[in-house]
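Structural features, examined
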Amino acid sequence: MSGDPEVVPQAHVIGDPIGGSKSPVIHRFWLEKLGIAGDYTARSVERGALADYFADARKTSDWVGCNVTMPHKQVVIEQCDCLDPVAAKLGAVNTVVREDDALVGYNTDARGFLEPLGTTLAAQHLFRMARIIGTGGAARAIIAALADNDFTLVVAGRNPDKARALLDELAPGGEHHAIHLSHFAEATDFAFDDREGCLDLIVNASPLGMRGSDPLAFDWSHAPPGSIAYDIVTDPVDTTFLSAAREAGHPTIGGLAMLVGQAAIAFEKFFGKAPPREHNRELLALLSA
């Protein structure tokens, strides 16, 4: 008795460039641990080819969705039939899922970013401040997530007007500040207090410092004592930003933490099962090799 071949779910990560993406390693690791017949690969897709990519995806029965990375997180909205409320609020999509005959856009960046900060954010603080570098799609999610967690924000970008517009859109009502990226490049002699009872974050939410990109110029005299340095860049795993933070005595969080956190949400949407997070240490060792 013959029949149609079994559909094996396929998912991708798309971007331009995409060669350094670690997402296939993560999803394939979880697929193997769960014994799921499926695959996840990286696809280089230029902006002008997005429409063709999704037209082909709609016609491919085994395509279940894709993750979206730089620089497509905002323009990909045009290819979605509808948006999840979080993605609609943020105006950025990093996960597209086939649901029946519709392509639904989600944003898992905010939850992924906050995951490694869970214990820290559960504590009470007299004041919370975050200095955020970047104004792109990932920065949008981070700005909104930290504003929702009672942070006062300083957003730095090459275009301070864009930074100001993001704050007005995503964190209205707060006493937030927009500045030029160069502000953090030069040393300061500002005398911070000991910040006891305060929580300070320094976040690189830009591609600066990524392999093949321009370096990130940040002088650590701008970081109050005890500030946590958080870099969303994943290639290299240990960025110059993070190593300089450690040398200055700051605790650090690398981009793999956010990457794995947001990937876990996407994996369940693609393949219908929660990823086996009990193997997280093994996965992080694999990603860091």
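Up top is the structure these notes are about.
Structural notes on the packing of aromatic side chains
- Applying the stated criterion to the full structure yields 13 aromatic pairs.
- Considering the side-chain rings of Phe54 and Trp63, the 6.2 Å spacing of their centres and the 90° angle between planes classify their relative orientation as edge-to-face.
- Judged by centre distance (6.1 Å) and plane angle (85°), the rings of Phe270 and Phe271 are edge-to-face. The burial state of Phe270 is the same as that of Phe271; both residues are buried.
- Ring pairs connect the aromatic residues Trp30, Tyr40, Phe267, Phe270 and Phe271, which therefore count as one cluster.
- Of note, Lys269 hangs over the ring of Tyr106, and the distance from its end group to the ring centre comes to 3.9 Å.

Thoughts on helix α1 (residues 23-34)
- With 12 residues, α1 should reach 16 Å at 1.5 Å per residue; the first-to-last C-alpha distance of 17 Å fits that figure.
- Taken together, the buried positions of α1 are occupied by Ser23, Pro24, Ile26, His27, Phe29, Trp30 and Leu31.
- On its buried face, α1 sits against β1 (10-15), β2 (39-44), β3 (63-68), α9 (255-271) and α10 (280-288).
- Gly35, located one to two residues past α1, shows a positive phi value of around 70°.

Looking at the packing of α1 against α9
- Two numbers describe how α1 lies on α9: the axes approach to 10 Å, and their chain directions differ by 55°. As the angle between them shows, α1 and α9 are arranged oblique. Judged by the twist between their axes, the crossing of α1 over α9 is right-handed. Contacts between α1 and α9 involve Ser23, Ile26, His27, Trp30, Leu31 and Leu34 from the former and Leu259, Val260, Ala263, Ala264, Ala266, Phe267, Phe270 and Phe271 from the latter.

Regarding the sheet that holds strand β4 (residues 82-83)
- Spatial ordering of the open sheet is given by β2-β1-β3-β5-β6-β4, a layout of six strands whose pairing is mixed. Whereas interior strands pair on both sides, the edge strands pair on one side only; in this sheet they are β2 and β4.
- Set on the sheet, α1 makes contact with β1, β2 and β3; between it and β2 the angle comes to about 170°.
- Across the face of the sheet, α9 comes into contact with β1, β2, β3, β5 (95-99) and β6 (102-106) while running at roughly 165° to β3.

Things to note about the sheet that holds strand β7 (residues 127-133)
- The six strands are arranged β9-β8-β7-β10-β11-β12 in an open sheet whose pairing can be described as parallel. Pairing within the sheet leaves two strands with one partner each, and these edge strands are β9 (177-180) and β12 (252-253).
- One ladder, built from five bridges, connects β7 with strand β8 (residues 152-157); its direction is parallel. When the sheet's bridge partners are listed, Ile132 is paired in β8 with Val155.

Quick word on the pairing of β1
- Summarising burial for β1: five of the six residues are buried, a large majority.
- Of the pairings in the sheet, the one linking β1 to β2 comprises six bridges and is parallel in character. Along β2, the bridge assignment pairs His12 with Thr41.
- Handedness of the crossover is the feature at issue here: the chain leaves β1, passes through α1, returns alongside β2, and the resulting connection is right-handed.
- Bridge count for β1 against β3 is five bridges, and the pairing is parallel. Paired with Gln10 across the strands is Trp63, a residue of β3.

So, the side chain of His12
- Relative to the helices and strands, His12 resides in strand β1.
- Residue classification places His12 among the buried residues on the basis of a relative accessible area of 6%.
- For His12, the side chain forms a polar contact with the side chain of Arg43, separated by 3.4 Å.
- Contact partners of His12, with chain neighbours within four places excluded, come to Tyr40, Thr41, Arg43, Tyr53, Trp63, Gly65, Cys66 and Asn67.

Some remarks on the layout of surface pockets
- Each pocket or cavity is described by its volume, and for the largest pocket that value is around 670 Å³.
- Lining the largest pocket are 30 residues, and of these Thr69, Met70, Met210, Thr234 and Leu259 sit closest to its centre.
- Elements represented by at least two residues in the lining of the largest pocket include exactly β3 and α9.
- The element best represented in the lining of the largest pocket is α9, accounting for four residues.
- Class assignment for the residues of the lining of the largest pocket results in 13 nonpolar, 11 polar and six charged.

Topic: the pairing of β8
- The element β8 is largely enclosed, with a buried count of six among its six residues.
- Burial of β8 is two-sided: the residues Thr152, Val154 and Ala156 facing one way and the residues Leu153, Val155 and Gly157 facing the other way are all buried.
- The parallel pair β7 and β8 is bridged by helix α6 (residues 137-148), and the resulting crossover is right-handed.
- Sheet topology places β8 next to β9; four bridges connect them, and they run parallel. Following the sheet pairing, Val155 is matched in β9 by Ala178.
- A crossover connection joins β8 to the parallel β9 through helix α7 (residues 160-170); in handedness this β-α-β unit is right-handed.

What counts, and at which threshold
Residues numbered from 1 in each chain as written. Predicted model: local features only at pLDDT ≥ 70, side-chain atom pairs only at ≥ 80, totals over all residues. Heavy atoms only, no water. Phe/Tyr/Trp six-rings, centres within 6.5 Å; stacked < 30°, edge-to-face > 60°. Buried < 20%, exposed > 50% of the residue type's maximum accessible area, 1.4 Å probe, protein only. Lys NZ or Arg CZ within 6 Å of the ring centre and 35° of its normal. Helix = DSSP H or I, 4+ residues; strand = E, 2+ residues; numbered from the N terminus. Expected span 1.5 Å × (residues − 1). Contact = heavy atoms within 4.5 Å. Axes fitted to C-alpha atoms, helices over the stretch in contact; angles between N-to-C directions. Parallel < 35°, antiparallel > 145°, perpendicular 65-115°, else oblique. Left-handed = near helix turned anticlockwise from the far one by under 90°. Pairing = 2+ DSSP bridges. Right-handed = clockwise from strand over helix to strand, strands pointing away. Polar contact = N/O pair within 3.5 Å; in protein donor to acceptor, adjacent residues only side chain to side chain. 1 Å grid on protein atoms, 1.4 Å probe; cavity = no way out; pocket = protein on both sides within 12 Å on 5 of 7 lines; lining within 4 Å. Points joined across faces, edges and corners; volume = space filled by probe spheres on them. Nonpolar A, V, L, I, M, F, W, Y, C, P; charged D, E, K, R; others polar.

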